[in-house]
Structures are given as structure tokens and as C-alpha cells.
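Chain residues, written in single-letter form:
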Amino acid sequence: MRALVVNPPTSGLRMEQVPDPTPGPDEVKVRVLEGGICGTDREIVAGRYGSPPPGRKDLVLGHENFGKVVEVGRSVQDLRVGDEVVATVRRGCGVCRFCRTQRSDFCETGMFTERGIKGRDGYFAEFYVDRPEYLVRIPRVHRLTAVLLEPLSVAEKAVQQARRVLDRTEGPPGTIAGRPRTALVVGTGALGMLSVFVLADEGFEVTAVDTYVGKCPASSVLSTVGVRYRDASAGLSVLGTERFDLILEATGSAALDFELATLLAPNGCLLLLGLPADDHRPFPVPGADLVRRLVLQNQAIVGSVNASRRYFAQGLRHLTLFRRRWGTVAEQLVTERLPWTDFASVVNGRRPAGIKWVLTMGG
Ligand SMILES: [Zn+2]
Ligand SMILES: [Zn+2]
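The structure presented is a predicted model; accordingly, all values stated were derived computationally and were not measured. (Residues numbered from 1 in each chain as written. Chains lettered and ligands numbered in written order. Predicted model: local features only at pLDDT ≥ 70, side-chain atom pairs only at ≥ 80, totals over all residues. Heavy atoms only, no water.)

### A few points about the domain arrangement of the protein
Here the protein is described as being made up of domain 1 (2–145 + 330–360) and domain 2 (152–303). In this structure, domain 1 and domain 2 have C-alpha centres spaced 28 Å apart. Contacts between the two partners involve eleven residues from domain 1, matched on the other side by 15 residues from domain 2. Across the domain 1 to domain 2 interface the summed buried area is about 950 Å²; carbon plus sulfur atoms make up 71%. Of all residues in domain 1, Gln 332, Leu 333 and Ile 355 bury the most surface against domain 2, accounting for 47% of the area lost on that side. The salt bridge involving Lys 157 is made with Asp 105; its shortest N-O contact spans 3.1 Å. The interface formed by domain 1 and domain 2 includes one residue pair in polar contact (both at pLDDT 80 or more). (Domains from an automatic or database assignment. Contact = heavy atoms within 4.5 Å. Buried area = accessible area lost by both parts, 1.4 Å probe. Salt bridge = Lys/Arg side-chain N within 4 Å of Asp/Glu carboxyl O. Polar contact = N/O pair within 3.5 Å; in protein donor to acceptor, adjacent residues only side chain to side chain.)

### Focus on the environment of Gly 39
Take Gly 39: it is sitting in helix H1 (residues 39–45). C-alpha separation for the pair Gly 39 and Ala 87, spaced 48 residues apart in sequence, amounts to 19 Å. (Helix = DSSP H or I, 4+ residues; strand = E, 2+ residues; numbered from the N terminus.)

### Considerations on the nonpolar core
A general tendency of soluble globular proteins is for nonpolar side chains to be buried together. Counting 56 residues, the largest nonpolar core has Leu 149, Val 196, Phe 197, Leu 199 and Leu 246 as its most contacted members. Here this core gets nine residues from one element, more than from any other, and that element is helix H2 (residues 149–166). Summarising the domain contributions, this core has at least three residues from each of domain 1 (2–145 + 330–360) and domain 2 (152–303). Aside from chain neighbours lying at most four places away, what touches Leu 246 is Ala 162, Leu 166, Thr 182, Ala 183, Leu 184, Leu 199, Phe 204, Cys 269 and Leu 271. (Core = buried A, V, L, I, M, F, W, Y, C linked by side-chain atoms within 4.5 Å. Buried < 20%, exposed > 50% of the residue type's maximum accessible area, 1.4 Å probe, protein only.)

### Section: the coordination of the zinc ion (ligand 2)
Surrounding the zinc ion (ligand 2) are the protein donor atoms Cys 93 (SG), Cys 96 (SG), Cys 99 (SG) and Cys 107 (SG), at 2.3 to 2.4 Å. Angles of 103 to 117° at the metal separate the four donor atoms of the zinc ion (ligand 2), which places the site in the tetrahedral class. Counting along the primary sequence, the residues that act as donors to the zinc ion (ligand 2) give the motif C-x2-C-x2-C-x7-C. Taken as a pair, Cys 93 in the loop between strand E7 (90–91) and strand E8 (113–115) and Cys 107 in the loop between E7 and E8 lie far apart in primary sequence, 14 residues in all. Taken as a pair, Cys 93 and Cys 107 share a single burial class, namely buried. (Donors = N, O, S within 2.8 Å, 3.2 Å for Na, K, Ca; no water. Tetrahedral: all angles 85-135°; square planar, octahedral: opposite > 155°, others 65-115°.)

### Quick word on the side chain of Thr 182
In this structure, Thr 182 sits in strand E14 (residues 182–186). Its relative accessible area of 14% is what places Thr 182 among the buried residues. Ignoring any residue separated from it by four or fewer positions in sequence, one finds Thr 182 in contact with Phe 204, Glu 205, Arg 243, Phe 244, Asp 245 and Leu 246.

### What about the sheet that holds E8?
Taken together, the three strands give an open sheet; going across it, the order is E7-E8-E9, and neighbouring strands pair in mixed fashion. Of all strands in the sheet, those with a lone pairing partner are E7 and strand E9 (119–120), marking the two edges. Across two bridges, E7 lies against E8 in antiparallel orientation. Paired with Arg 91 across the bridge in E8 is Thr 113. (Pairing = 2+ DSSP bridges.)

### Here's the deal with the coordination of the zinc ion (ligand 1)
Within the protein, Cys 38 (SG), His 63 (NE2) and Glu 64 (OE) serve as the donor atoms for the zinc ion (ligand 1), at 2.1 to 2.2 Å. All donors of the zinc ion (ligand 1) belong to a single chain; written as a sequence motif, their spacing is C-x24-H-E. Taken together, the residues span a long stretch of sequence, with Cys 38 in the loop between strand E3 (28–37) and H1 and Glu 64 in strand E5 (residues 64–72) at a distance of 26 residues. No difference in accessibility class separates Cys 38 from Glu 64, as the two residues are buried.

### Topic: the pattern of salt bridges
Under the counting rule described, the total for this entry stands at 23 salt bridges. The salt bridge partner of Arg 2 is Glu 126, with a shortest N-O separation of 3.6 Å. Here Arg 2 is found in strand E1 (residues 2–7), whereas its partner Glu 126 is found in the loop between E9 and strand E10 (127–130), with 124 residues between them in sequence. Its relative accessible area of 31% is what places Arg 2 among the partly exposed residues. Taking the relative accessible area as the measure of exposure, Glu 126 reaches 17% and is therefore buried. One salt bridge connects Arg 163 with Glu 202, and the closest N-O pair in it is separated by 2.6 Å. One end of the pair, Arg 163, is in helix H2; the other, Glu 202, is in the loop between helix H3 (190–201) and strand E15 (205–210), and 39 residues separate them in sequence. A single salt-bridge network, built from bridges that share partners, covers Arg 56, Asp 58 and Asp 121.

Shown next, in the form of C-alpha cells:
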């Protein structure tokens, strides 16, 4: 079968013939219909991230996925041929207490693998096989947004983590002394926008910022969901003296993260999702000021990674709610679908500004 293959840490991506996978008795074989491209894929293609399976030099790329079951192992009960599914990404280490209880997103050993990223082949191929416990069945109504479920699961976990931190003050759920909680979402890529939807749906008063020069590709979707947009291309001073209960960062700039900490309201939470490039360039941080504010104002800086199956299920519930409230907003996050043979222009960033590019593998 054909697959999109990388050789980390060498840069580059190419289409190659790889062995067609055969499902074991407890596995299903899935024909990949669509794959979403994100910043992590671009980092891997650039040779800055990712590792092949043990004993190999090459890795099949791709973690954001949507496909159709075409073959079912004889002891599989939960899935049938024809079911449409999204696969989770992380596979637990099998050793730590979290991985042994299906919470590999909290793995303590770091020995987990991730399909298409770390030590395990991904989904940018004609087929893959996996066990049903890693597959989430997708109702037909969500076919056009299913490929967003993986990044949505990341947003789901992040918002849940943030709520737990904010709930330390034990106010009435979702409000602080009668006013809605405020959130600032930094970055209007797919992860930022999906976080905006979750937060808006959960009653936060949301502001979104990014640094697009020119028209922000997400601006019409933001106005549909009633979220305020600020152009921060000239800096965060555009927010004036506003402070936020929750700041959710989805850009991957470490310097920006420290600047964002100064915009936290008392008892606020800065939640970091973006992964900064590993460029080893140190920068100055006003550390004493930062720690004083964190201590005196009960603030928290929290990181959040990946997502267990439960957050995929929660994401599916939210896709239904988004559709009910705002129609096709989630579908509008897909800027373009193009045949996977055209992968080069997408991974090399040679397309006009947009939110999410999706490769179609056929079917
Ligand atoms: Zn991704
Ligand atoms: Zn583990």
C-alpha cells in the first residue's frame, strides 16, 4: 500500500510503498479516508521531532485521522465492517499506574508511543490496523468534522484541566460571584478555535487573539459564535488592562507564555498547549515578578498534553452541541480538502493562510 513516510531526524516527506497491514484476531483493519495536518506534522517533516518504530529508520506520518473499517478480526465484537472511526494516538507504556488504567495522557515513564509521532506508524497510509479499544465510532452526521476529533480531544482535556484549577475557589460552577468566567484563547489555528468553541459552549466569555497580518482566517467563524477577536500582531497591549480567569495558549512560543502570565486575573490559570521549537535559545524572564504574582494571587501555570479515549468521546458530544448552537462552524475550520498526492504544498506551508488542511486518501 502507499504511505507518507519520514526518516527522522532527517527532513522531508515522501510517498512510498510499505507492507499492507494484516489484522490479528483482536484487531480491525481500517481504510483511511482523511488525515489532518498540524504543526506537529510540520515539525516532524522538518526533522525537529518524531522517532521511528524500534529497529526502523522510517516512520509513517499522521495522527489526525478518519477512516472506515474494512476487515474485522474474529474475536472483535464491538466494530463491524463499514463502521466509520477515528483512532486515538497514544499507546500506553504498559508499566505505570496511569497507562494501566487507560490514562496514558498522564504517563509517568515517558515510554509511551504515539502513532505517527513517536515509535509507531501513523495514519497517512491507505490502511492501518489497531484494536477496537483505540477506535471511536463516528455517527454519519459528523463525517465532515470527524477528522477534527483528535485536536478537539486535546482541547477537551485542556478545558477540563483548567476548570479543575479554577474550581479551587469553590464558586458556583461556571461563574465567579455572579459574572461569567473570562477566557483568552491565544492562537486561532484549529486547536485554538476548537478550544474557543468548547469554552463558549461552557459559558465562558471568550476573547481570541492571534498575530495574523491581514485578515484572520477564523474571523467569520469567531463572529458566528459570538467571540470577540483582537489582532495582536502589534503585541498584547491591544488588550489594555484586561485580565482573564483562564488563558489558553495554542501557539508554541515560550517567550509569549511568560508575557501571557501577566494577563492573568487573581486565582487565574494559564494553560499551555503549544510546544515551542527546541531551539535552545535562552531569553530573560522577570522571574521574581512572576513568582510574586503567582503566590500572592493564587495563580497557576498548567501544561496539558494529548488525550485519552474519554476526551474523544467528550469531543463527539461537543460536535453535536456545536452543530445545534452554531450550525456548520466546526466544518468551516477545514480550509481545504485535497488529494493526499498533493501533500507537499501543505506540509511545506505553501498554501494561503487558513485553519486546517485535510488530505483525502480516497474511499
Ligand atoms: Zn495534531
Ligand atoms: Zn505510562
